[in-house]
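# Examination of the molecular architecture
So the chains spell out like this:
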Amino acid sequence: MDLVNHLEGRLLFAIPKKGRLQQAALDLISGCDIQFRRETRLDIALVKNLPIALIFLPAADIPTFVGEGRVDIGITGRDQVAEHDASLPAGEVSGVTEVLDLGFGSCKLQVQVPEKGDMLESKQLVGKNVVTSFTSLATSFFSQLEGVSDPSQLKTKIKFVGGSVEAACALGVADGIVDLVESGETMRAAGLKAIDTVVESNAVLVKSKNTTHELAELITSRIRGVIVAQKYVLCQYNINREQLAVACAITPGKRAATITALEEPNWVAVSAMVEKKKIATVMDELIKSGAEDVLVLKIQNTRTE
Ligand SMILES: Nc1ncnc2c1ncn2[C@@H]1O[C@H](COP(=O)(O)OP(=O)(O)OP(=O)(O)O)[C@@H](O)[C@H]1O
Ligand SMILES: O=P(O)(O)OC[C@H]1O[C@H](OP(=O)(O)OP(=O)(O)O)[C@H](O)[C@@H]1O
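Residues numbered from 1 in each chain as written. Chains lettered and ligands numbered in written order. Predicted model: local features only at pLDDT ≥ 70, side-chain atom pairs only at ≥ 80, totals over all residues. Heavy atoms only, no water.

Under the convention used in this document: UniProt positions are given in the numbering used here, feature names are shortened, and annotations may be inferred rather than shown by experiment.
As recorded in an unreviewed UniProt entry, the protein chain goes by ATP phosphoribosyltransferase and comes from Talaromyces rugulosus. As recorded by UniProt, the Catalytic activity (unreviewed entry) comment attached to the protein chain reads in full: "1-(5-phospho-beta-D-ribosyl)-ATP + diphosphate = 5-phospho-alpha-D-ribose 1-diphosphate + ATP". The Pathway (unreviewed entry) comment attached to the protein chain in UniProt states, word for word, "Amino-acid biosynthesis; L-histidine biosynthesis; L-histidine from 5-phospho-alpha-D-ribose 1-diphosphate: step 1/9."

## Looking at the nonpolar core
Basically, it comes down to this: Only buried residues count toward a nonpolar core. Its members are Ala, Val, Leu, Ile, Met, Phe, Trp, Tyr and Cys residues joined through side-chain atoms within 4.5 Å. Buried residues are those whose accessible area, probed at 1.4 Å on protein chains only, stays under 20% of the maximum for their type, while exposed residues exceed 50% and partly exposed ones sit between those limits. Secondary structure counts use DSSP, requiring at least four H or I residues in a row for a helix and at least two E residues in a row for a strand, with both numbered from the N terminus. Here a residue-residue contact requires only that any non-hydrogen atoms of the pair lie within 4.5 Å.
F13, I34, I52, L102 and I223 are the most contacted members of the largest nonpolar core, which has 29 residues in total. Mapped onto this core, the elements with two or more residues apiece are β1 (11–16), α1 (22–31), β3 (52–57), β4 (73–77), β11 (203–208) and α7 (215–231). The element contributing the most residues to this core is α7, with six residues. Not counting residues within four places of it along the chain, the set of residues in contact with I34 comprises F13, I29, V47, N49, L50, I52, L54 and I219. Membership of the second largest hydrophobic core comes to 17 residues, among which are Y237, I239, V282 and V294.

## Some details on the pairing of strand β13 (residues 258–261)
What counts here: In this analysis, strands are considered paired if DSSP registers two or more bridges between them.
Bridge count between β13 and strand β14 (residues 267–275): four bridges; the pairing is antiparallel. Along β14, the bridge assignment pairs I259 with V270. The turn joining β13 and β14, which pair antiparallel and follow one another in sequence, is formed by five residues; a positive phi near 70° is taken by N266.

## Remarks on α1
Selection rule: What the arc measures is the spread of directions leading from the helix axis to the C-beta atoms.
Listed in full, the buried residues belonging to α1 are Q22, A25, L26, L28 and I29. What you see down the axis of α1 is that its buried residues fit within an arc of 155°, all on one side. The exposed residues of α1 that point more than 90 degrees off its buried face are Q23 and S30. Of the surrounding elements, those touching the buried residues of α1 are β1, β3, β4 and α7.

## Focus on the packing of helix α3 (residues 78–87) against helix α4 (residues 135–146)
Just so we agree on the cut-off: Every angle, taken between N-to-C directions, lies between 0 and 180 degrees, and every axis is a line fitted to C-alpha atoms, over only the stretch in contact when it is a helix. If an angle is under 35 degrees, it is roughly parallel; if it is over 145, roughly antiparallel; if it lies from 65 to 115, roughly perpendicular; otherwise it is oblique. Should the near helix be turned counterclockwise from the far one by less than a right angle, the crossing is left-handed, whereas a clockwise turn marks it as right-handed.
Where α3 contacts α4, the axes come no closer than 7 Å and their chain directions differ by 65°. Considering the angle they form, α3 stands roughly perpendicular to α4. Every pair of crossing elements has a handedness; the one defined by α3 and α4 is left-handed. Note on element contacts: α4 touches α3 through T135, S136 and L137, opposite D79, A82, E83, A86 and S87.

## Quick word on the site of ligand 2
The criterion, for reference: Nearness is judged by heavy atoms alone; a residue qualifies as near a molecule or strand once a single heavy atom is within 4 Å of it. Any N or O atom pair separated by 3.5 Å or less is treated as a polar contact, with the protein-specific requirement of one donor-capable and one acceptor-capable atom, and with residues adjacent in sequence counted only for side-chain atom pairs. The protein chains shown are the only cover counted for residues, whose accessible areas, like all others here, come from Shrake-Rupley with a 1.4 Å probe. Buriedness of a pocket was judged along seven lines, with at least five required to meet protein on both sides within 12 Å; pockets are open sets of points on a 1 Å grid over the protein atoms alone, cavities are sets where a 1.4 Å probe fits but cannot get out, and lining residues have an atom within 4 Å of a point. Just a note on the criterion: a molecule sits in a pocket or cavity if more than half of its atoms are within 2 Å of the grid points.
As a structural note, the neighbourhood of ligand 2 is formed by R20, G163, S164, E166, D179, L180, V181, E182, S183, G184, E185 and T186. In this structure, an oxygen atom belonging to ligand 2 sits 2.5 Å away from a side-chain N or O atom of R20. Between T186 and ligand 2, the recorded distance is 2.5 Å, taken from a side-chain N or O atom to an oxygen atom. Considered on its own, ligand 2 offers 500 Å² of accessible surface; in the complex 68% of this is hidden by protein. Comparing atom positions with the cavity grids shows ligand 2 to sit within the largest pocket. Elements represented by at least two residues in the shell around ligand 2 include exactly β9 (176–181) and α6 (185–189).

## So, the sheet that holds β13
Judged by pairing direction, the sheet is antiparallel, and its four strands sit side by side in the order β13-β14-β12-β15 without closing on themselves. Strands at the two margins of the open sheet, each flanked by one partner only, are β13 and β15 (292–298). Strand-to-strand twist of the sheet, defined as the mean angle between neighbouring strand axes without regard to direction, takes the value 20°. As defined by bridge partners, strand β12 (residues 232–240) adjoins β14 across nine bridges and the pair is classed as antiparallel. Among the inter-strand pairings, N238 is bridged to a residue of β14, identified as A269. Each of β12 and β14 touches α7; the most contacted strand, β12, lies at about 50° to it. Sitting on the sheet, helix α9 (residues 279–288) touches β12, β14 and β15, and the angle it makes with β15 is about 165°.

Written out as structure tokens, the structure is:
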């Protein structure tokens, strides 16, 4: 089938074709009940149950396609959006808008130098060689540091490499690098230390400023629902009315806790959404406050603000 001829009228949704963001992006898509089958080696997949086509692209290229309005929405890293925006000619406004923080893919784009060297601040790299995959962000970072508005006046030499950036210092190609740090293991293994942060990144849902496709809103709302479901659990417990105020302060819920009277006089059942990462502490506090029969339930999906 010639897929390109079947794109008319469909929402074009860009997904990372490989790399760190791909699996979590696909999990989100599946949580939104977007059903598709991707043929081997094809970068376009038609969605079976909605007028959407998924376009599999490198995370770094997604802001360009979305910015130019070729694709309506996409999932990529905030670092990639920032790099795209920084690469635009002076005065050109970016066509990409960030719609949602997706809560995964956290990392920082950091200036790194040899741990054993004498450099402690980024300004010590001025006039030296800096290697990175993020040349536009690095150029704008060092332009600010050097106080120049025309990048061609930059004393610092920014050089591009596509991967294994951390090897550049050891190989004598760079005095410092600008690269992503997540756990910091790669940086430490390469004998480097971070001295500045250029951008803090998370995976984001982005939208083209030019899109008018009605499904963009619907998909954003579905994704938001799945993210909330992943972030919260539902906590239910029984408690005596006398302790209710204390317990509700522990589990205030998103808007307010739901309280239902029990057949047993003076007892109520409470249910409230609680952030997953806080649930163990919340349960400890509930038990201390006199709550009984505490249950924690997984939330499959939500539609809440
Ligand atoms: N430890 C990490 N290292 C790199 N990127 C990360 C990390 N954690 C999260 N990310 C995010 O994942 C995005 C894609 O990076 P990744 O290296 O996986 O892409 P890729 O398309 O495979 O690129 P490449 O081929 O250049 O490695 C990054 O821009 C960043 O937003
Ligand atoms: O702080 P950490 O958890 O160690 O992760 C950071 C490393 O991960 C990325 O590289 P990737 O593995 O994508 O390979 P690459 O060097 O080829 O880009 C990034 O460029 C760092 O090198």
